[in-house]
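Results of the structural survey
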Amino acid sequence: MRISTIQAFNTGIRGIQDNYSAVTRTQEQITSGKRILSPADDPVASVRLLQLGQEASKLAQYKDNLTAATNSLTQEEAVLNSVNNILQRVREIALEAGNGALDASGREALAQELAERENELYGLLNSQNARGEYLFGGYQSDTQPFVKNPDGSYSYAGDEGQRSIQIGSAKMVAINDNGKELFVDVGNVNRVDTAAGAGNAGSGRISLGVVENKGRYDSEFYPQGSVSIVISDDAAGYEIRDAAGAPLNPPVTGTLEPNAAGGHEIRYGGVVVTLDGEPAAGDEFTISVGTADNSEKRGVLDTVRLLRDTLENTDDSPEGKLQRRDMLAISVQNLDNAMNQVLGVQTSLGARLNVIESAQLENDEATLINTTVQSGLEDLDYAEALSRLSMESIVLQAAQQSFVKVSGLSLFNFLR
């Protein structure tokens, strides 16, 4: 086979270039620490690395979400602890205000502390996180959830949503609780309206009604709408009648037996009221399903407000004392309901934080496995690469030296 001079030159140059390229590629691998510099180096491993890179991005996002969820729930837990402390103090004030020896100045001092606690509670219910989002606004995290009305009552301006965040491929966790469910929809024991008949002849007075058995109230009292208490002809007993004034079937009657405070407690359909004073024969008192402030639910802020108003606006007259007695009894029970509601959410927060903790461990393990697999596919074996570089350098030198010798061969050297 004939080999031309140009062919010999091209073959030598190509050999030098190929060997130089191999040396350069190995140097790049050593410099970068990566075995695969382009998909062509290992197509199968390159595809797998692309999948692992996408998985790593998701795991990193889940880690950020886990951090955000932990921060949000931890802050909410701290706020709820403060709310519970305030409610506990308000309950203590309510019990202290029931002391019969307390004078007007003492009640005024308690009312002033209640005003401060009310404002503190109002601020906590409008708490914001580090991003400026309201914790208890539901989905409307940019809108202040609790608003004070001109008449002193409070309204909820948020919604009933609960924002969630993804912390795993198939895991979501709620990162807030809406204020309506937590602080507004609190069971109100004073969910009935009471009134004395306009034509009553005696000095009898009916207290605020208290629902002491919700099951019986829902099944027996609520369907009727209202009932009346009619004092018997001898003023020693009473009869419960329906809204039309007719006796119930079967009839419900009782005797007026004074309790330790001198009042007469009457129970029907899960509701208890107290008749004070001296009712006369034929006097009538009505109990009806509550409206307005006496609805089924009463917000915790309004519970504190009504308690404060009672301490501020009642005097030491017999009627004033009875008004305080009624409101204090209702307030204590409503505060207990509110604290139980907060406690229930705190339990839920603890459960969610436990889920986040376990998800964090799973995320860390998955990240470690993902990193290990990536390292096995793309990281360079330095010992092998350095040995290969030494061999490739020797081959390059040999190619260069052989090219010098071959390029120096010529028939003209023998014609001298």
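Residues numbered from 1 in each chain as written. Predicted model: local features only at pLDDT ≥ 70, side-chain atom pairs only at ≥ 80, totals over all residues. Heavy atoms only, no water.

1. Let's talk about the overall build of the chain
The helix and strand tally for the chain stands at eight helices and 13 strands. Within the chain, the fraction of its 416 residues that count as buried is 39%. Counted over contacts in the chain with a minimum sequence separation of 6, partners at least 24 positions apart contribute 68%. Surface exposure of the chain reaches about 22,200 Å², of which carbon and sulfur atoms provide 54%. (Helix = DSSP H or I, 4+ residues; strand = E, 2+ residues; numbered from the N terminus. Buried < 20%, exposed > 50% of the residue type's maximum accessible area, 1.4 Å probe, protein only. Contact = heavy atoms within 4.5 Å. Areas by Shrake-Rupley, 256 points an atom, 1.4 Å probe, with all protein chains shown as cover.)

2. What about the nonpolar core?
Counting residues in each nonpolar core, the largest one holds 47 residues, and the members touching the most others are L80, V83, L87, L121, L125, F183 and I356. Among the elements of the structure, helix 2 (43-97), helix 3 (104-125), strand 2 (154-156), strand 3 (164-168), helix 4 (179-184), helix 6 (300-313) and helix 7 (318-378) are those that each provide at least two residues to this core. Of all the elements, helix 2 adds the most residues to this core, at twelve residues. L87 has contacts with L121, V300, L335, A338 and M339, leaving out every residue within four places of it along the chain. By size, the runner-up hydrophobic cluster in this structure holds 19 residues, among which are V192, I229, I231 and V271. (Core = buried A, V, L, I, M, F, W, Y, C linked by side-chain atoms within 4.5 Å.)

3. Re the sheet that holds strand 10 (residues 247-255)
Taken together, the five strands give an open sheet; going across it, the order is 5-13-8-9-10, and neighbouring strands pair in antiparallel fashion. Edge positions in the sheet fall to strand 5 (192-196) and strand 10, since each has one partner strand and no second. Taking each pair of neighbouring strands and ignoring which way they run, the sheet shows an average axis angle of 20°. Two strands pair when backbone bridges link them, and strand 8 (residues 226-231) and strand 9 (residues 237-241) are joined in this way by four bridges, in the antiparallel orientation. When the sheet's bridge partners are listed, S228 is paired in strand 9 with R241. Here helix 5 (residues 214-221) sits on the sheet in contact with strand 5, strand 8 and strand 13 (284-289), set at roughly 100° to strand 13. (Pairing = 2+ DSSP bridges. Axes fitted to C-alpha atoms, helices over the stretch in contact; angles between N-to-C directions.)

4. Considerations on the environment of R48
By the element assignment, R48 lies in helix 2. Taking relative accessible area as the criterion, R48 reaches 38% and is therefore assigned partly exposed. C-alpha of R48 to C-alpha of Q374: the two residues are 326 residues apart in sequence and 8.5 Å apart in space.

5. Things to note about the packing of aromatic side chains
Scanning all chains against the criterion turns up six aromatic pairs. Each ring, one from Y217 and one from F221, has its centre 5.6 Å from the other, and the planes form 15°; the classification is stacked. You can see Y217 and its partner F221 sitting in helix 5, four residues apart, about one turn around the helix. The residues Y217 and F221 share a single accessibility class, namely buried. (Phe/Tyr/Trp six-rings, centres within 6.5 Å; stacked < 30°, edge-to-face > 60°.)

6. Describing helix 6
Here helix 6 spans 20 Å end to end across 14 residues, near enough to the 20 Å set by a 1.5 Å rise per residue. Helix 6 sits mainly inside the fold: eleven of its 14 residues count as buried. What helix 6 keeps buried is the set V300, L301, D302, T303, V304, R305, L306, L307, R308, T310 and L311. (Expected span 1.5 Å × (residues − 1).)

7. Points about the pairing of strand 3
Looking at chain direction, strand 3 and strand 4 (residues 171-174) are connected through four bridges and run antiparallel. Bridged to S164 within strand 4 is A174. Where strand 3 folds back onto strand 4 in an antiparallel hairpin, the turn is made up of two residues.

8. What about the environment of N294?
Note that N294 resides in the loop between strand 13 and helix 6. The spacing of N294 and L208 is 86 residues in sequence and 9.8 Å in space, taken between C-alpha atoms. Look past the residues within four positions of N294 in its chain and what remains in contact with it is N188, N190, R191, V192 and D193.

9. Observations concerning the side chain of R107
If you trace the backbone, R107 turns up in helix 3. The class for R107 is buried, based on a relative accessible area of 4%. Setting aside its immediate chain neighbours within four residues, R107 contacts L102, L311, T314, D315, D316 and R324.

10. Concerning unusual backbone geometry
The peptide bond linking N249 to P250 adopts the cis configuration, its omega dihedral lying at 0°. The topology assignment puts P250 in strand 10.

11. Focus on the environment of G263
Looking at the element boundaries, G263 is found in the loop between strand 10 and strand 11 (264-268). Linking G263 and S207, residues 56 residues apart in sequence, is a C-alpha distance of 9.7 Å. In this view, G263 contacts E257, P258, T274, L275 and D276; residues no more than four positions away in its chain are not counted.

12. Focus on the packing of helix 3 against helix 6
At a minimum axis distance of 9 Å, the contact between helix 3 and helix 6 shows a crossing angle of 165°. Judged on the interaxial angle alone, helix 6 and helix 3 are roughly antiparallel. Relative to helix 6, the crossing made by helix 3 is left-handed. Contacts from R107, L110, A111, L114, A115, E118, L121, Y122 and L125 of helix 3 reach helix 6 at V300, L301, V304, R305, L307, R308, L311 and E312. (Parallel < 35°, antiparallel > 145°, perpendicular 65-115°, else oblique. Left-handed = near helix turned anticlockwise from the far one by under 90°.)

13. Concerning the pairing of strand 11
Where burial is concerned, the two faces of strand 11 differ: the one with H264, I266 and Y268 is buried and the one with E265 and R267 is not. Strand direction decides the pairing type here: strand 11 and strand 12 (residues 271-276), joined by five bridges, are antiparallel. Paired with R267 across the bridge in strand 12 is V272.

14. Regarding the confidence of the model for the chain
Confidence along the chain averages 86 in pLDDT terms, with 86% of residues attaining 70 or more. Across the chain, strand 1 (residues 146-148) holds the top mean pLDDT of 95, while helix 1 (residues 5-32) sits lowest at 70. (pLDDT = per-residue confidence, 0-100.)

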